[in-house]
Amino acid sequence: MDSKLKGNAAMLVSKIFSGLNQNSLRYLLPGYMHATTGVFLRVAFAATFFWIIGLFTKKHRSHTTARQKLTLFALGFFCIFGYMFFLLKGLSFTTPVSSSIFISLQPVVVFVICLIIGREKATTLKVLGIIIGVAGAAVCVLTQKTSDTATNPALGNLFCAGSTVVYSLYLIFSKQLLKNIDSVTVSKWTFLGAVFSALPVALVTGWSAPVLKMSILSVPMLILLFVLIFPSSVSYLLIDIGLKNLTATVVSLYGSVILIVSTIASYLLGQDHFSWWQILSIALIMLSMYLVESQERKTTLPAHT
């Protein structure tokens, strides 16, 4: 299979899982589990998943130095944990659609970070894309009101914005590490690092997961299993495939799939109410991503692939 086709297919499936993940987590939070407890469950399951896979792929993995392992551990300790912490805290207060709007801003955030560290150059289209993207987020923040589906949208949106920044950093740093380290090793050590930060936070803030006391065939438990197996584990394998075959900016553009899937599911499941302001925000975000993507196709150099 062509490398770009393989990368795009992996990202599409991964982000469909991630889109449904928004709705699944919103269903579970905060009634069936506390946000910080949920973060620990996700990273602990994923770490176990990748370490088991590592046992069967050991012969095919590249040699990893102690320094590389420590770097991966630190990346997970700060970025994987930080991303999931902000995301789950945000979803405890706002809707899946609003959360997905901020996730879809990842291309803009990735570009801004790369611009700051000198890996990107400012162009008219990309700057315009940034302005439109920020405007879309502002529309979401300024017009969303407290409702039965969003108990504190301002706070929730702030947390979601934080998750977008942290995840964008993860994309940039892991892209560099994946050039010399296989994806299983990257996931093993990053999620192990996330476990070491998630566990004490969950214990200090108060462990709460009533869903774990329910039948394995109950709806909440089945939804939790979906979250743990697919968005928390399988999805990251697919993201690593995408990062190996596509640029970090292109990978981040797949946040639009999360937005589309989550919006459709939210309206069907009654997790959000239709709003023209929200539709305007989504339209601005989509236009922003289109502008950034169009310029990325024109200016991406071989060294950045």
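Residues numbered from 1 in each chain as written. Predicted model: local features only at pLDDT ≥ 70, side-chain atom pairs only at ≥ 80, totals over all residues. Heavy atoms only, no water.

Structural notes on the overall build of the protein
In step 1: Helix and strand counts for the protein come out as twelve helices and zero strands.
In step 2: Listing the helices and strands of the protein from first to last along the sequence gives α-α-α-α-α-α-α-α-α-α-α-α.
In step 3: A globule of 305 residues ought to have a C-alpha radius of gyration of about 19 Å, and the protein, at 19 Å, matches this closely.
In step 4: Dimensions along the principal axes, computed over C-alpha positions, put the protein at roughly 50 × 45 × 35 Å. (Helix = DSSP H or I, 4+ residues; strand = E, 2+ residues; numbered from the N terminus. Rg over C-alpha atoms; globule rule 2.2 N^0.38 Å.)

Thoughts on the packing of helix H7 (residues 153-177) against helix H9 (residues 219-245)
In step 1: Axis separation between H7 and H9 bottoms out at 10 Å; the angle between their running directions is 60 degrees. The angle between H7 and H9 falls in the class oblique. Where H7 crosses over H9, the handedness of that crossing is right-handed. For the pair formed by H7 and H9, the contact residues are Tyr167, Tyr170, Leu171, Ser174 and Lys175 on the first element and Tyr236, Ile239, Asp240 and Leu243 on the second.
In step 2: Residues that form the contact of H7 with H9 fall into these classes: six nonpolar, one polar and two charged. (Axes fitted to C-alpha atoms, helices over the stretch in contact; angles between N-to-C directions. Parallel < 35°, antiparallel > 145°, perpendicular 65-115°, else oblique. Left-handed = near helix turned anticlockwise from the far one by under 90°. Contact = heavy atoms within 4.5 Å. Nonpolar A, V, L, I, M, F, W, Y, C, P; charged D, E, K, R; others polar.)

Some remarks on the side chain of Asp272
In step 1: For Asp272, the position within the fold is in the loop between helix H11 (255-269) and helix H12 (276-299).
In step 2: Here Asp272 sits buried without a salt bridge, and the closest side chain of opposite charge, Arg26, lies 8.8 Å off (N-O distance).
In step 3: Here the side chain of Asp272 touches Thr95 through a polar contact of 2.9 Å, side chain to side chain.
In step 4: Polar contacts involving the side chain of Asp272 include one to the side chain of Gln278, which spans 2.9 Å.
In step 5: Residues within four places of Asp272 in sequence aside, it is in contact with Thr95, Val97, Thr149, Ser266, Tyr267 and Gln278. (Buried < 20%, exposed > 50% of the residue type's maximum accessible area, 1.4 Å probe, protein only. Lys, Arg positive; Asp, Glu negative; His and termini not counted. Salt bridge = Lys/Arg side-chain N within 4 Å of Asp/Glu carboxyl O. Polar contact = N/O pair within 3.5 Å; in protein donor to acceptor, adjacent residues only side chain to side chain.)

Observations regarding the environment of Ser262
In step 1: Counting through the fold element by element, Ser262 comes out in helix H11.
In step 2: Taking the C-alpha atoms as reference, Ser262 lies 6.5 Å from Gln22; in sequence the two are 240 residues apart.
In step 3: With residues up to four places along the chain from it excluded, the contact list for Ser262 reads Gly19, Gln22, Asn23, Pro96, Val97 and Ser100.
In step 4: Side-chain polar atoms of Ser262 contact the backbone oxygen of Pro96, separated by 3.4 Å.
In step 5: Of the polar contacts made by the side chain of Ser262, one reaches the side chain of Ser100; its length is 3.2 Å.

So, helix H8 (residues 183-205)
In step 1: Compared with the 33 Å implied by 1.5 Å per residue over 23 residues, the 32 Å span of H8 between its first and last C-alpha is a close match.
In step 2: For H8, the N-terminal cap is Asp182; the gap from its side-chain oxygen to the backbone nitrogen of Val184 is 3.3 Å.
In step 3: Just past H8, the residue Gly206 takes up positive phi, approximately 105 degrees. (Expected span 1.5 Å × (residues − 1).)

Remarks on the nonpolar core
In step 1: The biggest cluster of nonpolar side chains holds 62 residues, and the ones touching the most others in it are Leu25, Met33, Val43, Ile80, Met84, Phe191 and Tyr236.
In step 2: Sorting the residues of this core by element identifies helix H1 (3-28), helix H2 (35-56), helix H3 (66-91), helix H5 (106-116), H7, H8, H9 and H11 as the ones contributing at least two each.
In step 3: The biggest single contributor to this core is H3, with eleven residues.
In step 4: If we skip the residues at most four places from it in the chain, Met33 touches Leu25, Leu28, Gly38, Leu41, Ser208, Ala209, Pro210, Val211 and Leu224.
In step 5: Among the nonpolar cores identified, the runner-up in size contains 16 residues, and Cys140, Leu253, Leu259 and Ile282 belong to it. (Core = buried A, V, L, I, M, F, W, Y, C linked by side-chain atoms within 4.5 Å.)

What to know about the environment of Ser14
In step 1: With respect to the helices and strands, Ser14 occurs in helix H1.
In step 2: Of the residues examined, Ser14 reaches a relative accessible area of 0% and is grouped as buried.
In step 3: Considering only alpha carbons, one finds Ser14 and Phe230, 216 residues apart in sequence, at a separation of 8.3 Å.
In step 4: Not counting residues up to four positions away in its chain, the partners in contact with Ser14 are Ser235, Leu238 and Ile239.

Examining unusual backbone geometry
In step 1: Geometrically, the link from Leu29 to Pro30 is a cis peptide bond, its omega value of -10 degrees lying close to zero.
In step 2: Considering the arrangement of structural elements, one finds Pro30 in the loop between H1 and H2.

Examining the packing of aromatic side chains
The description of an aromatic ring pair uses the distance of the two centres, along with the angle that the planes make with each other.
In step 1: Scanning the model with the defined rule gives 21 aromatic pairs in all.
In step 2: When the ring of Phe49 is compared with that of Phe50, the centres are 5.1 Å apart and the planes differ by 85 degrees; the resulting orientation is edge-to-face.
In step 3: Judged by centre distance (5.0 Å) and plane angle (85 degrees), the ring pair of Phe274 and Trp276 falls under edge-to-face.
In step 4: Linked through ring pairs, Phe49, Phe50, Tyr83, Tyr167, Tyr170, Phe191 and Tyr236 together constitute an aromatic cluster.
In step 5: Across from the ring centre of Trp51, 4.0 Å away, lies the NZ or CZ of Lys188, which sits over that ring. (Phe/Tyr/Trp six-rings, centres within 6.5 Å; stacked < 30°, edge-to-face > 60°. Lys NZ or Arg CZ within 6 Å of the ring centre and 35° of its normal.)

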